Amino acid sequence: MSPTIIVIAVLALFVLIIAIKAVQVIPQAQAAVIERLGRYRSTAAPGLNVIVPFIDRVRARIDLREQVVSFPPQPVITRDNLTVSIDTVIYFQVTEPRSAVYEISNYIVGVEQLTITTLRNVVGGMSLEETLTSRDSINQQLRGVLDEATGRWGIRVARVELKSIDPPPSIQGSMEQQMRADREKRAMILTAEGQRESSIKTAEGQKQSQILAAEGAKQAAILTAEAERQSSILRAQGERAARYLQAQGQAKAIEKVFAAIKAGKPTPEVLAYQYLQTLPQMAQGDANKVWMVPTDYGKALEGFARMLGAPGDDGVFRYEPPAAPDEQPRPEDDDASIADWFDTAPDPKVAEAVAAAEAVARKEVPSPLAADAPRSLQQPDQS
């Protein structure tokens, strides 16, 4: 191989190396800080960039995407002198690559240390209970302080989150006991409230039951009284009509008997014979111990017949009753004042009273639960 070819090959290799050094390809979402002879020249954007070999160099490649950094748990003392372990997560993004390179040597370490000191300042002014219940407030305060402090580093803090807040084991045991006591307290309160509600509902149910039973007994008494009244009225009307019919029948029988006697024109002997037939009936009964038969009863009848009667063709005196006037009322005639005694139609007033009692019995009794329940529920609270 001749020296000329060797020289040409060396020159070609040198030119290739210079070309490779002069071309820089920056990926998307990254930026490169370019220095010329040790001084900042420019920030290379994503894509193809040309620099001067051996004069310009890439100082650092910066990731422009939002980054997530989780810091190890840090012990922090609260206002009530209790040490808690807090684990944080930082979401940040580099917005100025030049500041991130030249303003701080390691911005991730700077963010971590700034987060720890700020967290201790914020939590140091809170008690343990406030620390456990104020995560959002702590996050906002940390983000505000970190964003303001890292602004000159070309970093924007997007979000700060507290992953966990772990109190000491002894405090955790006390908190568990307190939570258990609170749960037992709430359970006892709920149980007492349930028993109170149950007692109130039971009392209201008994009250409603007694009201309905009283209303039912009242309506039953009304219907029973109306039924007894109606039965008594109908029974009295029946007895009255029966007595009247019985008296009318007896009057008709007596009338027939007297008519037969008058038509037969009895002699004193016949009357004496009828009297003797009646004596055994008159002697019946436990009260009739001794019965005296008058011996001169025939003579009395004979004198009565001579005084009121007239001798017949055979010389025997017979009773002649006086002629009855035509205007005298007859037994079979009914009086107009008793015409309604035999009316079997029901009394309209009684029917109306029964219908009114049935309507009252079927009327629904309003429930006092809807109106009295809220007032009854409020009374135990006031006491």
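Up top is the structure these notes are about.
The rules behind these values
Every chain is numbered independently, its residues counted from 1 as its sequence is written. In view of the model being predicted, local features appear only for residues whose pLDDT reaches at least 70, and side-chain atom pairs are presented and counted only at 80 or more, with totals across whole chains, interfaces and linings using the full set of residues. Side-chain measures were taken over the full set of non-hydrogen atoms in the model, leaving aside hydrogen atoms and water. Secondary structure elements are defined from DSSP: runs of H or I of at least 4 residues count as helices, runs of E of at least 2 residues count as strands, and each element is numbered from the N terminus. The classification of residues rests on relative accessible area computed with a 1.4 Å probe and restricted to protein chains. Under 20% of the type maximum is buried, over 50% is exposed, and intermediate values are partly exposed. Paired rings are identified among Phe, Tyr and Trp, the last through its six-membered ring, by centres lying within 6.5 Å, and are further divided according to the angle between planes into stacked (under 30 degrees), edge-to-face (over 60) and tilted (the rest). Here the expected length of a helix is defined as 1.5 Å per residue gap, with one fewer gap than residues. Any N or O atom pair separated by 3.5 Å or less is treated as a polar contact, with the protein-specific requirement of one donor-capable and one acceptor-capable atom, and with residues adjacent in sequence counted only for side-chain atom pairs. Here, nonpolar core means buried Ala, Val, Leu, Ile, Met, Phe, Trp, Tyr and Cys residues that are tied together by side-chain atoms lying within 4.5 Å of each other. Should any heavy atoms of two residues lie within 4.5 Å, those residues are counted as being in contact. Two strands are said to pair when DSSP picks up at least two bridges between them. Between N-to-C directions, angles span 0 to 180 degrees; the directions come from axes that are lines fitted to C-alpha atoms, helices contributing only their stretch in contact.

> Would you mind going over the environment of Ala-19 with me for this structure?
Turning to its location among the elements, Ala-19 is positioned in helix α1 (residues 3–22). Taking the relative accessible area as the measure of exposure, Ala-19 reaches 38% and is therefore partly exposed. Each C-alpha atom, one on Ala-19 and one on Pro-53, is 8.1 Å from the other, the two residues being 34 residues apart in sequence.

> Would you mind going over the packing of aromatic side chains with me for this structure?
Centre distance and the angle of the planes are the two values used to describe a pair of aromatic rings. Counting across every chain of the model gives two aromatic pairs. When the centroid spacing of 5.8 Å and the interplanar angle of 80° are considered together, the rings of Tyr-40 and Tyr-102 count as edge-to-face. In this pair, Tyr-40 sits in strand β3 (residues 39–44) while Tyr-102 sits in helix α2 (residues 97–102), placing the two residues 62 residues apart along the sequence. On the accessibility criterion, Tyr-40 (28% relative accessible area) is partly exposed.

> Sorry if this is basic, but what is going on with helix α3 (residues 107–124) here?
Owing to its 3.6 residues per turn, the α-helix brings residues three or four apart onto one side. Along its 18 residues, α3 runs 25 Å from first to last C-alpha, staying within 8% of the 26 Å computed at 1.5 Å per residue. Structurally, the start of α3 carries an N-cap: the backbone nitrogen of Ile-108 is 3.2 Å from a side-chain oxygen of Asn-106.

> How should I be thinking about the nonpolar core in this particular structure?
Soluble, globular proteins show a tendency: their nonpolar side chains are buried together. Counting 32 residues, the largest nonpolar core has Ile-86, Ile-90, Tyr-107, Leu-119, Ile-138, Ile-155 and Leu-162 as its most contacted members. Among the elements of the structure, β5 (56–63), β8 (83–94), α2, α3, α5 (135–149) and β9 (155–166) are those that each provide at least two residues to this core. For this core, the element with the most residues is α3, which contributes six residues. Setting aside residues up to four positions removed in sequence, Ile-155 forms contacts with Phe-92, Gln-93, Val-94, Thr-95, Tyr-107, Val-111, Asp-147 and Thr-150. With five residues, the next largest nonpolar core counts Ile-26, Ala-32, Ile-34 and Ala-44 among its residues.

> Explain the sheet that holds β5 here, please?
Pairing between the strands of a sheet is mediated by backbone hydrogen bonds and can be parallel or antiparallel. Strand order in this open sheet of three strands is β3-β2-β5, and the pairing throughout is antiparallel. What marks the edges here is a single partner per strand, and that holds for β3 and β5. Within the sheet, the average angular offset between the axes of one strand and its neighbour, ignoring direction, is 25°. With five bridges joining them, strand β2 (residues 30–36) and β3 adopt antiparallel strand pairing. Residue pairing across strands places Ala-32 opposite Ala-44, the latter belonging to β3.

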